[in-house]
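Here is how the chains run, residue by residue.
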Amino acid sequence: MSTYVYGITASSHPELPEGMTGVGEPARPVRILSAGPLAAVVSDAPEDLRPKRRDLLAHQNVLAETGAAGCILPMRFGSVADDDDSVTQVLTERSEHYQERLRELDGKVEYNVKATHVEEAVLHLVMAENAEVRSLAEANRKSGGGSYDDKIRLGEMVAAAVKAREAQDASEVQSALAPTAAAVSVGPESTGWLVNVSFLVARDTAERFLAAVEQVRDSHTHLDLRVNGPLPPYSFVEPGPAEPAGSTAGADAGAQ
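Residues numbered from 1 in each chain as written. Predicted model: local features only at pLDDT ≥ 70, side-chain atom pairs only at ≥ 80, totals over all residues. Heavy atoms only, no water.

One pass over the full model with this rule turns up nine salt bridges. A salt bridge links K163 to E166; the nearest nitrogen and oxygen atoms lie 3.8 Å apart. Note that K163 and E166 are positioned in helix 6 (residues 148-177) at a spacing of three residues, about one turn of the helix. Classification of E166 as partly exposed rests on a relative accessible area of 26%. It is possible to trace a salt-bridge network through shared partners that takes in E25, R54 and D55. (Salt bridge = Lys/Arg side-chain N within 4 Å of Asp/Glu carboxyl O. Helix = DSSP H or I, 4+ residues; strand = E, 2+ residues; numbered from the N terminus. Buried < 20%, exposed > 50% of the residue type's maximum accessible area, 1.4 Å probe, protein only.)

Structure (structure tokens):
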């Protein structure tokens, strides 16, 4: 039977709460696989595992309960290895890496920040900042809307200005928040988001990070800024144990 991996911790980590269960229906009992100084928190993997709400929450609950007692490297939802031996083999082969990650991530959490433009607000901003766009818009207005070519030109100019503003805003958000974080991980581009960045933040400095977020909100009122966290530091483990073992991974429990 395949082995589902929730996370990696030190073999000295306190024992799991009695009766802890994880993914699957019925829920599979969670257990520990040890390999030298490391241990993996695992269960048997359901054959028909899908990113359903119940299993996503079960995955996160195992990480939350285990992480409350000490540092754990969280695996993405759907991290499955061929069997127990495959997991312990990877723990042994990558022992130095995982031990370093445990030391680095101890006492830290992840905050994911996403941002989009508030359409009307950014259009006003673009018009205010760009004299050429403002001039053409005014000329079109005075001429009853402008010719077809003038309308097309104005639309292209506005689109280009908004695109440039997206890049500028993304850089400004990251630059403003990075000094309050221990590390930064830029997420994959996704439709609609001009910012998708994860920040590794020490728990005892989280208030300073969140205060910086509020400062960005105040100074960039044309942005819809969304923060998700604190989360297990999914974006800072790399890679999960299932990857070197040649297994497949499913949906991303850390992505929001």
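Still to come is the rest of the account.
What follows deals with the packing of aromatic side chains. One pass over the structure, following the stated rule, counts four aromatic pairs. Residue placement shows R94 over the ring face of Y98; its charged tip is 5.5 Å from the ring centre. (Phe/Tyr/Trp six-rings, centres within 6.5 Å; stacked < 30°, edge-to-face > 60°. Lys NZ or Arg CZ within 6 Å of the ring centre and 35° of its normal.)

Along the chain, L102 falls in helix 3 (residues 95-105). Along the chain, L102 and V90 lie twelve residues apart, while their C-alpha atoms are 16 Å from each other. Non-local contacts of L102, meaning those with residues more than four positions away in its chain, are made with I8, T9, A10, L38, C71, I72 and L73. (Contact = heavy atoms within 4.5 Å.)

Take the sheet that holds strand 6 (residues 108-117) next. Spatially, 7-8-6-9 is the arrangement adopted by the four strands of the open sheet, whose pairing is antiparallel. Looking at which strands have only one partner, the edges of the open sheet turn out to be strand 7 (183-186) and strand 9 (223-231). Averaged over all adjacent pairs, the angle separating strand axes in this sheet is 20 degrees, with direction ignored. Of the strand pairs in this sheet, strand 6 and strand 8 (residues 195-202) are connected by eight bridges, and their pairing is antiparallel. Bridging across to strand 8, A115 finds its partner in V195. Taken strand by strand, helix 7 (residues 206-219) contacts strand 6, strand 8 and strand 9, and its axis lies near 170 degrees from that of strand 9. (Pairing = 2+ DSSP bridges. Axes fitted to C-alpha atoms, helices over the stretch in contact; angles between N-to-C directions.)

Inspection of the secondary structure puts T116 in strand 6. Among the residues examined, T116 registers a relative accessible area of 17% and is labelled buried. Discounting chain neighbours no more than four positions away, the residues touching T116 are G192, W193, L194, H222, L223 and D224.

What follows is about the confidence of the model for the protein. Confidence along the protein averages 86 in pLDDT terms, with 91% of residues attaining 70 or more. In this model, residues 239-256 is a region of pLDDT below 50 whose contacts with residues beyond four sequence positions or in other chains number 43 contacts. (pLDDT = per-residue confidence, 0-100.)

Take the pairing of strand 1 (residues 3-10) next. Burial within strand 1 is extensive, with seven of its eight residues counted as buried. Pairing analysis gives seven bridges linking strand 1 to strand 3 (residues 38-44), with the strands arranged antiparallel. Residue pairing for strand 3: A10 is matched across the bridge by L38. As paired elements, strand 1 and strand 5 (residues 80-81) share two bridges and run antiparallel to each other. Bridge assignment links Y4 to a residue of strand 5, and that residue is V80.

Glancing now at the packing of helix 4 (residues 119-129) against helix 5 (residues 131-142). Two numbers describe how helix 4 lies on helix 5: the axes approach to 5 Å, and their chain directions differ by 100 degrees. As judged from the angle between their axes, helix 4 and helix 5 are roughly perpendicular. On the side of helix 4, the interface is formed by M127, A128 and E129, while helix 5 contributes A131, V133, R134 and A137. When grouped by side-chain class, the residues that make up the contact of helix 4 with helix 5 number five nonpolar, no polar and two charged. (Parallel < 35°, antiparallel > 145°, perpendicular 65-115°, else oblique. Nonpolar A, V, L, I, M, F, W, Y, C, P; charged D, E, K, R; others polar.)

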